[in-house]
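Here is how the chains run, residue by residue.
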Amino acid sequence: MLENQRKSKDGRKLYIESYGCQMNFSDSEIVASILLDQGFQTTPDYKEADVIFVNTCSIRENAEQRVRNRLKEFGAAKLRNPGMIIGVLGCMAERVKAKFLEEEKLVDIVVGPDAYRDLPNLIRQVDDGQRAINVILSREETYADISPVRLNSNGVTAFISIMRGCDNMCSFCVVRFTRGRERSRDPESIVREAEDLFRNGYREVTLLGQNVDSYKFKDSSGRVVNFANLLALVAEVNPELRVRFSTSHPKDITDEVLHTIAAHSNVCNYIHLPVQSGSSRVLKLMNRTYDRDWYINRVDAIRRIIPDCGISTDIITGFCSETEEEHQETLSIMDYVQYVYAYMFAYSERPGTLAAKRYDDDVPEDVKKRRLQEVVDKQRAHSALRLQHQVGKVHKVLIEGFSKRSDKDFSGRNDQNSMVVFPVTGNFKVGDYVNVIGESCTSATLIGRIVS
Ligand code: SAM
């Protein structure tokens with residue numbers, strides 16, 4: 001959930017709540033920027049808002065259900081304040097379109113991810129007594145010229161959207177339909193955003209795209225900038241600015257990208273490389289365009305070129321026709337890679353996707369869940385093992401804030417993205433880099449103390 005408070009001219013109050021991927025959270029910062037320019041101010045309390053926006057996710061059925069439940073709560077607030085405007089933004093708006101206005105009577109505005117510039121106009125339409133919708137997808141929109149308002153920010157880490165949409169055809173996935181065709185943002189505007197952030201005290205940026213490895217932009221002189229080039233450009237903004245990125249695609253991640261990571265000490269040694277399944281047959285059905293051997297080859301390249309790189313992943317259990325042996329292949333690829341972290345899901349059929357059209361969703365729900373639990377248990381063991389390896393070593397940590405449990409402890413992350421907690425000492429403050437020796441760990445956190 002994202003909220004923030006900013007002062008501005010005429011004080012109509014905006015509340016934004018975001019669900020789903022980092023890209024959605026980043027988009028909400030674009031939306032806030034567009035509306036603050038119109039005189040809105042943001043509020044952390046939806047009950048006092050004039051406009052409520054929910055930035056939605058369609059990736060799994062339960063993500064959509066959560067939004068519908070939340071809309072009921074907003075509906076109750078609207079009954080008390082009939083002038084309140086409720087808008088649905090993002091992927092679910094794009095997927096459900098005008099039907100949203102029929103199904104959810106309390107919703108006034110439906111806006112897809114490429115139509116946020118139209119929001120002031122859509123709000124005016126609602127002010128005039130109509131309901132408003134714009135779900136037109138674009139081949140060009142990247143919001144490159146809009147400077148995001150950092151919502152709920154720790155003042156140290158920020159997202160930068162480097163591209164939009166997705167051209168992959170993963171058979172399980174709705175993103176292609178809800179976010180449109182892939183387009184890359186002008187690298188100059190990306191570097192400028194990173195420079196502005198650094199000047200304002202930020203010390204880490206995460207470059208976001210559905211598939212960052214296919215980033216490609218032809219500039220006015222005809223030079224083609226690929227993801228490796230972009231990574232180097234952002235890393236060169238300042239050696240004190242950490243650079244992370246997400247998501248990498250196994251079919252597209254090149255050795256050039258890996259060498260660029262290795263060559264820049266401020267590009268973090270951490271790659272999120274979704275595998276989805278360890279079985280080549282299932283990967284083919286998923287239309288992932290790589291097989292088990294190809295994925296293993298990419299992992300071997302990462303280990304060779306960036307020896308201490310943390311690798312995380314996404315895994316889907318119980319995809320159409322997945323057998324018990326194929327599920328075992330997923331468990332065995334997990335043993336091979338030993339991921340530092342994983343996002344794990346039971347397959348959820350999404351209307352309109354290739355899989356929904358072509359294949360039976362035939363793995364029983366209890367089998368999907370049991371396989372998911374086996375994957376979760378294995379990942380828990382691997383995460384713990386990975387953290388134990390980090391005990392006794394010194395880590396460069398960027399202080400991001402205080403630990404959730406106590407303001408006597410700082411928290412931050414090391415290069416490999418592990419959460420590190422350590423006592424507040426000396427004159428160190430949020431935004432500083434410190435060397436921390438790992439002394440022990442819980443299942444998800446390294447615990448240590450500052451050594452310099
Ligand atoms: N663009 C990235 C990629 O291609 O790997 C990730 C996109 S998606 C926003 C994040 C993750 O959600 C996917 O990697 C996948 O594991 C999961 N996911 C997507 N569709 C799903 C579905 N229908 N059921 C279950 N999990 C799904």
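All values derive from a computational prediction rather than experimental measurement.

Visitor: Before we go on, may I ask you to explain the packing of helix α8 (residues 227-235) against helix α9 (residues 255-263) in this structure?
Guide: Relative placement of two packed helices is described by the angle separating their axes and the distance separating the axes. One way to put it is that α8 packs onto α9 with a least axis distance of 8 Å and a crossing angle of 15 degrees. One way to sum up the angle between α8 and α9 is to call them roughly parallel. Read as a crossing pair, α8 and α9 show a hand that is right-handed. Together, Phe227, Ala228, Asn229, Leu231 and Ala232 of α8 and Glu256, Val257, Thr260 and Ile261 of α9 make up the contact between the two elements.

Visitor: Which parts of the structure should I look at to understand the site of the ligand?
Guide: In the vicinity of the ligand there are 15 residues, among which Phe172, Gln210, Gln276, Asp314 and Ser348 approach most closely. Gln276 has a polar side-chain atom sitting 2.7 Å from an oxygen atom of the ligand. Arg288 has a polar side-chain atom sitting 3.2 Å from an oxygen atom of the ligand. Coverage of the ligand by the protein amounts to 93% of the 570 Å² it exposes when considered alone. Put simply, the parts of the chain that give the shell around the ligand at least two residues each are β15 (310-317) and β16 (341-346).

Visitor: Honestly, the pattern of salt bridges in this entry has me stumped. Any pointers?
Guide: Two side chains bearing opposite charge may form a pair once their charged atoms approach each other closely. Counted according to the given criterion, the structure contains 38 salt bridges. One salt bridge in this structure joins Arg164 and Asp27, with 2.9 Å as the shortest N-O distance. Pair noted here: Arg164 is in strand β8 (residues 163-164) and Asp27 is in helix α1 (residues 22-36), with a separation of 137 residues, a long-range link. An identical accessibility class is assigned to Arg164 and Asp27; each is buried. Between Asp108 and Lys78 there is a salt bridge, with the nearest N and O atoms lying 2.7 Å from each other. Highlighted residues: Asp108 in the loop between α4 (99-103) and β5 (109-111) and Lys78 in helix α2 (residues 61-80), separated in sequence by 30 residues. Summarising the burial analysis for this pair, Asp108 and Lys78 share the class buried.

Calculation rules
Residues numbered from 1 in each chain as written. Predicted model: local features only at pLDDT ≥ 70, side-chain atom pairs only at ≥ 80, totals over all residues. Heavy atoms only, no water. Axes fitted to C-alpha atoms, helices over the stretch in contact; angles between N-to-C directions. Helix = DSSP H or I, 4+ residues; strand = E, 2+ residues; numbered from the N terminus. Parallel < 35°, antiparallel > 145°, perpendicular 65-115°, else oblique. Left-handed = near helix turned anticlockwise from the far one by under 90°. Contact = heavy atoms within 4.5 Å. Near = heavy atom within 4 Å. Polar contact = N/O pair within 3.5 Å; in protein donor to acceptor, adjacent residues only side chain to side chain. Areas by Shrake-Rupley, 256 points an atom, 1.4 Å probe, with all protein chains shown as cover. Salt bridge = Lys/Arg side-chain N within 4 Å of Asp/Glu carboxyl O. Buried < 20%, exposed > 50% of the residue type's maximum accessible area, 1.4 Å probe, protein only.

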